[in-house]
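# An overview of the molecular structure
Residues per chain, in single letters:
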Amino acid sequence: MSHTASAEGPPLLDIVAKILVILTVTYAVWRVYSKPRPRPTLRSVAILVLGDIGRSPRMMYHTESFATNKFQTYLVGYDGSKPIPSLLSMPRVEIMYLRQPPAYLRRLPFIMAGPLKVLSQIFDIFYILLVRIPHPPEFILVQNPPSIPTLAIVWLVAKLRGCKIIIDWHNLGWSILALRLGDDHTFVKIAKWFESYFGRTAYAHLFVTNAMREYLTAEWDLQGHKVVLHDRPPARFHRASPSESHELFQHLLPALSSPALTSFLPTARPPYSTPFTRIPTSGSSTQANSDIHSFSLDDLSPFSENIAMPELRPDRTALLVTSTSWTPDEDFDMLLETLKQYEKRARECAGLVETQRLPQVLMAVTGKGPLRQKYMRTVEGLQTGEDAWKHVRCVSLWLEADDYPLLLGSSDLGISLHSSSSALDLPMKVVDMFGCGLPVCALGFKCLDELVKDGVNGLVFHNAEQLAAQLEVSPCSLLCLSDAKCHDRPTILQSLLRGFPSAPALGSLRASFQRAAPLASSNMETGAGANDWEWGTWAENWNHTMRPLLLHDVANEAEL
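### Side note on the sheet that holds strand β1 (residues 44-52)
Taken in spatial order, the seven strands make up an open sheet running β3-β2-β1-β4-β5-β6-β7, and their pairing is parallel. Of all strands in the sheet, those with a lone pairing partner are β3 (93-98) and β7 (223-228), marking the two edges. Neighbouring strand axes in the sheet, compared pairwise and without regard to direction, differ in orientation by 20° on average. The sheet contact formed by strand β5 (residues 164-169) and strand β6 (residues 201-207) spans four bridges and is parallel. Bridge pairing in β6 places I166 opposite A204. Relative to the sheet, helix α3 (residues 57-68) contacts β1, β2 (72-78), β3, β4 (139-144), β5 and β6, its axis offset from that of β1 by approximately 165°. Helix-sheet contacts for helix α6 (residues 150-161) involve β1, β4 and β5, and the interaxial angle to β4 is about 170°.

### Focus: a negative patch on the surface
Judged by side-chain charge, D331, D333, E337 and E465 come together as a negatively charged surface patch. Here E465 is to be found in helix α16 (residues 464-470). Residue E465 is classed as partly exposed on the basis of its relative accessible area, which comes to 47%.

### Thoughts on the packing of aromatic side chains
The description of an aromatic ring pair rests on the distance of the ring centres and on the angle between the ring planes. Under the criterion given, the structure shown has 18 aromatic pairs. Residues W326 and F332 carry aromatic rings whose centres are separated by 4.8 Å and whose planes lie at 45° to one another, so their mutual orientation is tilted. When sorted by exposure, W326 lands in the same class as F332, which is buried. By the ring-pair criterion, three or more aromatic residues cluster together here, those being F66, F71, F139, Y203 and W542.

### A short note on helix α8 (residues 186-198)
Its 13 residues place the ends of α8 18 Å apart at the C-alpha level, agreeing with the 18 Å of an ideal helix rising 1.5 Å per residue. When α8 is considered as a whole, its buried residues turn out to be V188, A191, F194, E195, S196 and F198. Each element contacted by the buried residues of α8 is listed here: β4, α6, β5, α7 (173-181), β6 and α9 (210-220).

### Considering the sheet that holds strand β10 (residues 318-323)
Sheet architecture is open: six strands sit in the order β12-β11-β10-β13-β14-β15, paired in parallel fashion. The strands lining the two open edges of the sheet, one partner per strand, are β12 (392-397) and β15 (458-461). With direction set aside, neighbouring strand axes in the sheet form an average angle of 20°. Sheet topology note: the strand β11 (residues 361-366)/β12 ladder contains six bridges and is parallel. The residue bridging A364 from the neighbouring strand is V395, located in β12. Across the face of the sheet, helix α14 (residues 403-410) comes into contact with β10, β11 and β12 while running at roughly 135° to β10.

### Overview of the confidence of the model for the protein chain
Per-residue pLDDT for the protein chain has a mean of 82; in total, 79% of the residues score no lower than 70. Throughout residues 285-294 the model reports pLDDT below 50, and contacts reaching past four residues in sequence, or to other chains, amount to 17 contacts. Confidence drops under pLDDT 50 across residues 553-560; counting only partners more than four residues distant or on other chains, this segment forms nine contacts.

### Some points on the packing of helix α5 (residues 110-132) against α6
Remark: α5 packs on α6, axes separated minimally by 11 Å, with the N-to-C direction vectors making an angle of 30°. Here α5 is positioned roughly parallel relative to α6, judged by the angle of their axes. Where α5 crosses over α6, the two elements pack in a sense that is right-handed. The segment α5 lies against α6, with I122, I125, F126, L129 and L130 engaging T150, I153, L156, V157, L160 and R161. Taken together, the residues of the contact of α5 with α6 break down into nine nonpolar, one polar and one charged.

### Here's the deal with the packing of helix α12 (residues 332-349) against helix α13 (residues 372-383)
Running from N to C, α12 and α13 point in directions that differ by 10°, and their axes come no closer than 11 Å. In terms of orientation, α12 and α13 fall into the roughly parallel class. Of the residues in α13, those touching α12 at F332, D333, L336 and K340 are Y375, T378, V379 and L382. Of the residues in the contact of α12 with α13, the class split is five nonpolar, one polar and two charged.

### Remarks on the pattern of salt bridges
If you walk through the whole model with that rule in mind, you get 10 salt bridges. One salt bridge connects E330 with K429, and the closest N-O pair in it is separated by 2.2 Å. Of the two residues, E330 is situated in the loop between β10 and α12 and K429 in helix α15 (residues 428-435); the sequence distance between them amounts to 99 residues. Its relative accessible area of 8% is what places E330 among the buried residues.

Analysis parameters
- Residues numbered from 1 in each chain as written.
- Predicted model: local features only at pLDDT ≥ 70, side-chain atom pairs only at ≥ 80, totals over all residues.
- Heavy atoms only, no water.
- Pairing = 2+ DSSP bridges.
- Helix = DSSP H or I, 4+ residues; strand = E, 2+ residues; numbered from the N terminus.
- Axes fitted to C-alpha atoms, helices over the stretch in contact; angles between N-to-C directions.
- Contact = heavy atoms within 4.5 Å.
- Patch = residues over 30% accessible without salt bridge, like charges linked within 9 Å, V, L, I, M, F, W, Y side chains within 5 Å.
- Areas by Shrake-Rupley, 256 points an atom, 1.4 Å probe, with all protein chains shown as cover.
- Salt bridge = Lys/Arg side-chain N within 4 Å of Asp/Glu carboxyl O.
- Lys, Arg positive; Asp, Glu negative; His and termini not counted.
- Charge placed at Lys NZ, Arg CZ, Asp CG, Glu CD.
- Buried < 20%, exposed > 50% of the residue type's maximum accessible area, 1.4 Å probe, protein only.
- Phe/Tyr/Trp six-rings, centres within 6.5 Å; stacked < 30°, edge-to-face > 60°.
- Expected span 1.5 Å × (residues − 1).
- pLDDT = per-residue confidence, 0-100.
- Parallel < 35°, antiparallel > 145°, perpendicular 65-115°, else oblique.
- Left-handed = near helix turned anticlockwise from the far one by under 90°.
- Nonpolar A, V, L, I, M, F, W, Y, C, P; charged D, E, K, R; others polar.

Structure follows, in structure tokens:
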């Protein structure tokens, strides 16, 4: 009987042993996660961006600033475009790349591919934040959007490892999803709840605009420090010198060598001249149209009495630039319509005296994306054929990180087509342009006045007709035309580009960057006043805003 009983059930000792194992494991887990967590031995931060690191400038600038302030900095995101060079050489920066989602997901419908992609991301992010980063980071800085799944993952990792969360609010993730699915879609409602729940509480919330801070604080009752950190460019963004422009355009000559462009732009004879710059012959730098054929190698000789330096060509084409991701949220049709109207107006002015004509324009479009081929085929049709454009050309360029600020700094006018899905963020491309002293015509929306001061550092438009008019009308004329009491209303409207390359209206806008006030000592919780025209570098802005928040023990150090 006893033998039969023992075969039917486990011995008493086995039961007791299993209970002891369970109790031991439970006690060990409780001891690990219930005891006070020590402060990390090194100041450290993990910066998470669920996107291409090289195409996330704000997060790269955060990484550079943390590392400069002696934080061990882990930058987590996807491989793709090359990061800014400084990140590849800084000793305290370690870049940890996430695995790309499986290729087969692209062939599946969104309703199936979306959840599978999220599961893959969840595993990879957990692995890096919990295993690959050896010590718990003091802070986890996460970019939002995307919200799913990063906000929930960071929330859980912070609970397990005792980290402080900083959410950098670039935009609202649910509003971007609503562009595709509509506000009333079930997925959009779920995304909005997810973002509001997991984004409500953090050590600190960073916002790109005052408008976003006010909206989220009121709508979602955010808990934690709330700080406005406006985007600013790094110090390497500046107005290009003629020598820098000359070197850049020599590098870009292959991209400007199509028949439609070579027949349109001034003749280039490298290395002595490009379509926009030249090395003048001895004693001819003041001549408007010096003969490039008469150039002598003696002009470049170190033994020459006057070493020739590059200068801008007086016969150059006006260079306009815009940056786009070639996605539906940027209306490239509006830009095409503007160029068509400019071409029409330039033809009408062709018979006038030289000072009243409109200059020829080259529109450079930087960036890459899904709609690029479609629109560039349309552009090619407008630039060729029986009624081809005579005064306008458009070219698409993809630039390395080092060339992009040089192109902005060598251009004459920037154009922004950015339209915010939430009307609460600002276009980074305009920040980059301002960093290079480049005036901007920008598509208007709710909070744009925090960056673009209409008639001061740029002009605001709302449709193609207004943008086309701005290329012909000066800021002072626009202000006078809108003010019935203005006594200086001109009888003949001055062109924004008329008189190029010495266009007074462009010069007035560009001069505003010299008059811009330095960063004010504003309250950290409220940010700078929306009506103040202040400017500075990213480092100046970051040190002013973030150092008091994060570096209490070094707050009294000398400014970097």
